[in-house]
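Observations on the model geometry
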Amino acid sequence: MTEIDKSVATEYHPTVERKRSDSFGQPRGLWNLAFTELWERFSFYGLQGVLSFYLLYSLSDGGLDLAPATAVSIVGAYGGSVYLSQILGAWIADRLIAPRRMVLYGAIVITLGHVTLAVLDGLSGLAFGLTLIVLGTGALKTNITSIVGMLYADNRPARDAGFSYFYMAINTGSAFGPLLTGFTQSRWGFHAAFSLAAVGMVGALIQYSWKMRDLPVEAGVVKNPIARTQLPYALAAVAAVTAFVVALWQFGLVDNTNLSRFVGAVILVAAIIYFTVILRSQNVTPAEKRRMRGFIPLWIASLLYFGFLFQKFTTISVFIKDRVDLDVGGWQVPAPWLTTISPVSAVLLTPLVAMLWTKLGTRQPTTSAKFAIGLTMVGCAYLLLLLSQFFPDKTVPPLLVLVSMAVAGSPKSSSDRSDSHWPRASHPIDSRRKPWHCSS
């Protein structure tokens, strides 16, 4: 542990992590983390809502006028990189920098990324801004969720309730972000929308910094610090991977048109390594390995679901631009609003479906059945879009896309986790352990 992290560990009184609020019976630190994530998701999905249209729209409309295949590849690679970077962010928090500080640093870097997009034009500004957001999100996302888990020790009922509040905040931010940035873009242009996303991230940074003292002591500790002798090897590995990617780009093996496929291949390799390390580790019990083997099919099902759902930021955006008539009674519907209905439907349906599962009790569908329901519904959502064949050229009504996206989003009661219609596959290994612990 570094001297800085030692000071962090002693900066807070140990009883802080056990303090409960008077009204909801939750640790005080939960509300700081929940509202931080609300604003972070506001900015993230606010950007996602308008990003594809920024790449697709003509220069006269404020866009970059890229070919649809290139735009889809860039947005897909960006989305994949955001989740891939979280592996690196979690490793750094486990070995080098405490989670509490990783969240702070991540929020700062994300903010700089959104500001870059707001003030710089062209592909260079886009590349630099998105790269900062990818790196910052990798530092923030997994670590803020792990800190929520640290608030509860072994109090499972309180933890489940706390995560429900936490992910409801995420849903709220992911719903309002694209609604407001979509409206802003339709009135004042893309860079105004990017500025609004930056404001949301500034809100997250202020919220987190203001209430950092309510976080548990554990969040300020590097749990598995890397030995000083191993640090140069880790840095050399990062440098080698970076140089390899740059070389692929320079030699034209990876470019804007195939970037998403390259990122997808990297994610596949990372997932195989992740599961292999766990299943082969002597530090993982046989029972945990059995649960892991049962978890893998559910993970694949979840991957398929979100792969289909997030087409709304790529191919569905192209479909909206080319085929949907956004004029409704003389008013132009902001294009991003058509895909925003997915998180809105999740927010509205979550309490209803949770009540249904509670009422059914032991008669409710199994976890695997819930996954099957979710995949069936997202498949039906895209089948609805086949009705667009009856509308020639750019005459597809917005209502058709709205209904389709609402059906696609309804199985997902949150952006990252579900306690109701779309089930959460709880990690089969203790949530406080990381896969690299298994090989330590």
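Small disclaimer: the values here were computed from a predicted structure and weren't measured.

Quick notes on the overall build of the chain
The helix and strand tally for the chain stands at 14 helices and 2 strands. Buried residues in the chain amount to 49% of all 440 residues. Taking as baseline every contact in the chain between residues at least 6 positions apart, the subset at least 24 positions apart corresponds to 79%.

Description of the pattern of salt bridges
Inspection of every chain in the model, using the stated rule, returns 5 salt bridges. Residue K141 pairs with E37 through a salt bridge whose shortest N-O separation is 2.8 Å. Residue K141 is located in helix α5 (residues 122–150), and its partner E37 is located in helix α2 (residues 28–56); the two are separated by 104 residues in the primary sequence. Neither residue differs from the other here; K141 and E37 are each classed as buried. Of the charged contacts in the structure, one is a salt bridge between E218 and K223, with a shortest N-O distance of 2.3 Å. Relative accessible area serves as the criterion here: at 24%, E218 is assigned to the partly exposed category.

Describing the environment of L104
Looking at the element boundaries, L104 is found in helix α4 (residues 99–119). Here the alpha-carbon distance between L104 and M212, two residues 108 residues apart in the chain, equals 9.3 Å. Setting aside residues no more than four positions away along its own chain, L104 makes contact with L205, Y208, S209 and M212.

Focus on the environment of P397
Among the structural elements, P397 can be located in the loop between α13 (367–384) and α14 (398–409). Through-space distance from the C-alpha of P397 to that of V324 is 6.0 Å; in sequence the pair is 73 residues apart. Residues contacting P397, with those up to four places away along its chain left out, are V324 and F391.

Examining unusual backbone geometry
Its identity is not glycine, yet D65 carries a phi of approximately 55°, on the positive side. By the element assignment, D65 lies in the loop between α2 and α3 (68–95). Judged by relative accessible area, which is 47%, D65 ranks as partly exposed. One non-glycine residue with positive phi stands out, namely D393, at about 50°. Mapped onto the secondary structure, D393 falls in the loop between α13 and α14.

As for the nonpolar core
Grouped together as the largest cluster of nonpolar side chains are 48 residues, with contacts concentrated most on L55, Y78, L126, I320 and V401. Per-element tally for this core: the top contributor is α2, with 9 residues. Contacts of V401, omitting those with residues within four sequence positions, involve I316, F319, I320, V324, L338 and L385. L38, V148, A158 and L215 belong to the second-largest nonpolar core, a separate cluster that totals 28 residues.

Some remarks on the packing of α5 against helix α6 (residues 156–188)
The contact between α5 and α6 brings their axes to 10 Å, and the two run at 150°. With respect to their mutual orientation, α5 and α6 come out roughly antiparallel. In the packing of α5 onto α6, the handedness of the crossing is right-handed. Counted together, K141, I144, T145, V148 and G149 of α5 and F163, F166, Y167 and I170 of α6 form the full contact between these two elements. Looking at the contact of α5 with α6 residue by residue, the classes come out as 6 nonpolar, 2 polar and 1 charged.

Some thoughts on the packing of aromatic side chains
Within the structure shown, the criterion is met by 22 aromatic pairs. Pairing Y54 with F190 gives two aromatic rings, centres 5.3 Å apart and planes at 55°, and the pair type is tilted. In this pair, Y54 is assigned in helix α2 and F190 in helix α7 (residues 190–210), connecting sequence segments 136 residues apart. An identical accessibility class is assigned to Y54 and F190; each is buried. Arranged with centres 5.2 Å apart and planes meeting at 80°, the rings of F166 and Y167 form a pair that is edge-to-face. You'll find F166 and Y167 in the same group, each marked buried.

Quick word on helix α11 (residues 315–323)
Those residues of α11 lying buried are I316, S317, V318, F319 and I320. Of the surrounding secondary structure, the elements contacted by the buried residues of α11 are α2, α3, α12 (337–360), α13 and α14.

Digging into a nonpolar patch on the surface
Together, V115, V119, L120 and F128 make up a nonpolar patch on the protein surface, roughly 360 Å² of accessible area in all. Within the secondary structure, L120 sits in the loop between α4 and α5.

Re the confidence of the model for the chain
Overall, the predicted model of the chain reaches an average pLDDT of 85, with 88% of residues at or above 70. Within the chain, no element has a lower average pLDDT than helix α1 (residues 3–11), which sits at 42, and none a higher one than α4, at 96. Contacts from residues 1–19, a stretch scored under 50 in pLDDT, to residues over four places away or in other chains number 40 contacts. Predicted confidence for residues 429–433 stays below pLDDT 50, and this span has 13 contacts to residues more than four positions away or in other chains.

Criteria and thresholds
Residues numbered from 1 in each chain as written. Predicted model: local features only at pLDDT ≥ 70, side-chain atom pairs only at ≥ 80, totals over all residues. Heavy atoms only, no water. Helix = DSSP H or I, 4+ residues; strand = E, 2+ residues; numbered from the N terminus. Buried < 20%, exposed > 50% of the residue type's maximum accessible area, 1.4 Å probe, protein only. Contact = heavy atoms within 4.5 Å. Salt bridge = Lys/Arg side-chain N within 4 Å of Asp/Glu carboxyl O. Core = buried A, V, L, I, M, F, W, Y, C linked by side-chain atoms within 4.5 Å. Axes fitted to C-alpha atoms, helices over the stretch in contact; angles between N-to-C directions. Parallel < 35°, antiparallel > 145°, perpendicular 65-115°, else oblique. Left-handed = near helix turned anticlockwise from the far one by under 90°. Nonpolar A, V, L, I, M, F, W, Y, C, P; charged D, E, K, R; others polar. Phe/Tyr/Trp six-rings, centres within 6.5 Å; stacked < 30°, edge-to-face > 60°. Patch = residues over 30% accessible without salt bridge, like charges linked within 9 Å, V, L, I, M, F, W, Y side chains within 5 Å. Areas by Shrake-Rupley, 256 points an atom, 1.4 Å probe, with all protein chains shown as cover. pLDDT = per-residue confidence, 0-100.

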